[in-house]
Amino acid sequence: MSSAPARAELVVDLDAIAANTAALRERVDRPLMAVVKADAYGHGLVPSARAALAGGADALGVAVVEEALALRAAGVTAPLLAWLNAPGEDYVAALTADVEVSANAVWGVEEVVAAARTTGRTARLHLKVDTGLSRGGATPDEWPALVAAAAGAQADGAVEVVGLWSHLAYADAPTHPTIGRQKAVFEEAVTVARDAGLRDARRHLANSAATVALPETWYDLVRPGIAIYGLDPLGGDPAAYGLRPAMTVEARVMLTKRVPAGVGVSYGHTYSPSTETTLAVVPVGYADGIPRAASNRAPVLAGGAQRPIAGRVCMDQFVLDVGDAPVRAGDRVVLWGPGTDGEPTAQQWADAADTIHYELVARIGGRFTRRHVGTAGTV
Ligand SMILES: *Cc1c(COP(=O)(O)O)cnc(C)c1O
């Protein structure tokens, strides 16, 4: 292994993921499904899942079956739900690996039943109702037929309905009137399902924002994602909920140079220093998940201070104006991290780039290497 410091690195603190999970688990005092979809929001699927389990997660949630199979292939045996199921999904593989799945429609139940017959296994099935997000789930009009199909399959032993669930549109605005409306639709759907004999299924509705802010949505299980990684779903200070950001994004300066006042910096010369200054070139760009919208806006810790990116973010690099600070090639700069050591936070970057921290952490990658620190889930 080379001992040279990495050019550009994502440092992920597994102990923070475990501690965040433990804090949320204690807050809700009921089962918690840690959401590890999309490579654990950019934090690394398997190590992050193990850390969340070490922190007390009762189950794991992913979007697609492939993610679930990757966890099983790595030896993760915890209860596991893959909810984003399209026509032709490989339910045989899912059931064989003991992965729970979800249905939005009668045809989905039929596909799951077919796989149950093929494998001789009973599928552990969640039914999703669309309570107002207008994304996944059966509409309230479609719900009785979905419930009837699932109840029939349960009577035949092909499935066991273990979950009734939905997703909120406005959990990050905890006083929004849609929350009460979605809850009412959800509870009516649960009544319909229970009247059809689906009495043992757990009800789940709460994402991270609802897990921290809306106890009335917790029901039998919560499904936090972003909060597991220590980011505040409401855009505030995660420490308010005992959460600590797990990801630090850093790079080594590739080159510095002294330039006179008035030079044009990066494509289109959208930045010009007003005095003689030092420019530091950082070898990451939009191909690595640095948003181009961060140009001239997002802050980077370099030479002891936060400095906005100077000029446009390019495909492979961007530039900082570090003034007269003694920054040299090879020095470490920090794009975002917990914010406790002078570095910017992912929330600051999100504000600067007109996006949400979810998108930043989920898309960062490219030629960054990832290094896990901490021990949670590693032994
Ligand atoms: C991604 C996702 C979650 C987790 O959302 P966070 O806001 O990250 O907590 C929960 N449920 C569903 C259906 C999701 O797609």
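Calculation notes
- Residues numbered from 1 in each chain as written.
- Predicted model: local features only at pLDDT ≥ 70, side-chain atom pairs only at ≥ 80, totals over all residues.
- Heavy atoms only, no water.
- Phe/Tyr/Trp six-rings, centres within 6.5 Å; stacked < 30°, edge-to-face > 60°.
- Helix = DSSP H or I, 4+ residues; strand = E, 2+ residues; numbered from the N terminus.
- Buried < 20%, exposed > 50% of the residue type's maximum accessible area, 1.4 Å probe, protein only.
- Polar contact = N/O pair within 3.5 Å; in protein donor to acceptor, adjacent residues only side chain to side chain.
- Contact = heavy atoms within 4.5 Å.
- 1 Å grid on protein atoms, 1.4 Å probe; cavity = no way out; pocket = protein on both sides within 12 Å on 5 of 7 lines; lining within 4 Å.
- Points joined across faces, edges and corners; volume = space filled by probe spheres on them.
- Nonpolar A, V, L, I, M, F, W, Y, C, P; charged D, E, K, R; others polar.
- Pairing = 2+ DSSP bridges.
- Axes fitted to C-alpha atoms, helices over the stretch in contact; angles between N-to-C directions.
- Domains from an automatic or database assignment.
- Buried area = accessible area lost by both parts, 1.4 Å probe.
- Salt bridge = Lys/Arg side-chain N within 4 Å of Asp/Glu carboxyl O.

## Some words on the packing of aromatic side chains
In step 1: Evaluation of the coordinates by the stated rule reveals five aromatic pairs.
In step 2: A ring pair is formed by Tyr41 and Tyr358, whose centres lie 6.3 Å apart and whose planes are at 35 degrees; its orientation type is tilted. Here Tyr358 lies in helix H11 (residues 357-363) and Tyr41 lies in helix H2 (residues 37-42), a separation of 317 residues in the sequence.
In step 3: Measuring from centroid to centroid gives 5.1 Å for Phe186 and Tyr219, while their planes differ by 70 degrees, and the two rings are edge-to-face. Of this pair, Phe186 sits in helix H8 (residues 177-195) while Tyr219 sits in the loop between helix H9 (208-213) and strand S9 (221-222); the two residues are 33 residues apart in sequence, bridging distant segments of the chain. Pair check on accessibility: Phe186 and Tyr219 agree, each one buried.
In step 4: Members of the aromatic cluster, connected to one another through ring pairs, are Tyr41, Tyr229 and Tyr358.

## Points about the environment of Gly236
In step 1: Mapped onto the fold, Gly236 is located in the loop between S9 and strand S10 (247-252).
In step 2: On the basis of relative accessible area, Gly236 is assigned to the partly exposed category, the value being 37%.
In step 3: Residues Gly236 and Thr191 lie 45 residues apart in sequence; the distance between their C-alpha atoms is 36 Å.

## What about the side chain of Thr217?
In step 1: Its location among the elements puts Thr217 in the loop between H9 and S9.
In step 2: Here Leu214 takes part through its backbone oxygen, which lies 2.6 Å from a polar atom of the side chain of Thr217.
In step 3: Sequence-distant contacts of Thr217, that is, excluding residues within four places in its chain, are made with Leu168, Ile179, Lys183, Leu205, Ala206 and Ala210.

## Observations concerning the layout of surface pockets
In step 1: Space inside the largest pocket adds up to approximately 810 Å³.
In step 2: Surrounding the largest pocket, 37 residues form its lining, Lys37, Tyr41, Arg135, His167 and Tyr358 being those nearest its centre.
In step 3: Those elements that place two or more of their residues in the lining of the largest pocket are H2, H9, helix H10 (346-352) and H11.
In step 4: Partitioned by chemical class, the residues of the lining of the largest pocket number 19 nonpolar, eleven polar and seven charged.

## Remarks on the sheet that holds strand S5 (residues 100-103)
In step 1: Read from one edge of the open sheet, eight strands run S2-S3-S4-S5-S6-S7-S8-S9, paired in parallel fashion. Edge strands, defined here as strands with exactly one partner in the open sheet, are strand S2 (33-35) and S9.
In step 2: Bridge count for strand S4 (residues 80-82) against S5 is two bridges, and the pairing is parallel. Counted as the bridge partner of Leu81 is Glu100 from S5.
In step 3: The sheet strands contacting helix H4 (residues 65-73) are strand S3 (59-62) and S4, and the helix crosses S4 at an angle near 155 degrees.

## Thoughts on the domain arrangement of the protein chain
In step 1: Here the protein chain is partitioned into domain 1 (31-229) and domain 2 (247-373).
In step 2: For domain 1 and domain 2, the distance between their C-alpha centres works out to 39 Å.
In step 3: Buried area between domain 1 and domain 2, summed over both chains or domains, comes out near 740 Å², and the portion from carbon and sulfur atoms is 60%.
In step 4: Where domain 1 packs against domain 2, one counts one salt bridge.
In step 5: Linking Asp39 and Arg370 is a salt bridge whose minimum nitrogen-to-oxygen distance equals 3.0 Å.
In step 6: Across the contact surface, domain 1 and domain 2 share three residue pairs in polar contact (both at pLDDT 80 or more).
In step 7: Ranked by residues supplied to the side of domain 1 that touches domain 2, first place goes to H2 with three residues.
In step 8: Taken together, the residues of the side of domain 1 that touches domain 2 break down into three nonpolar, three polar and one charged.

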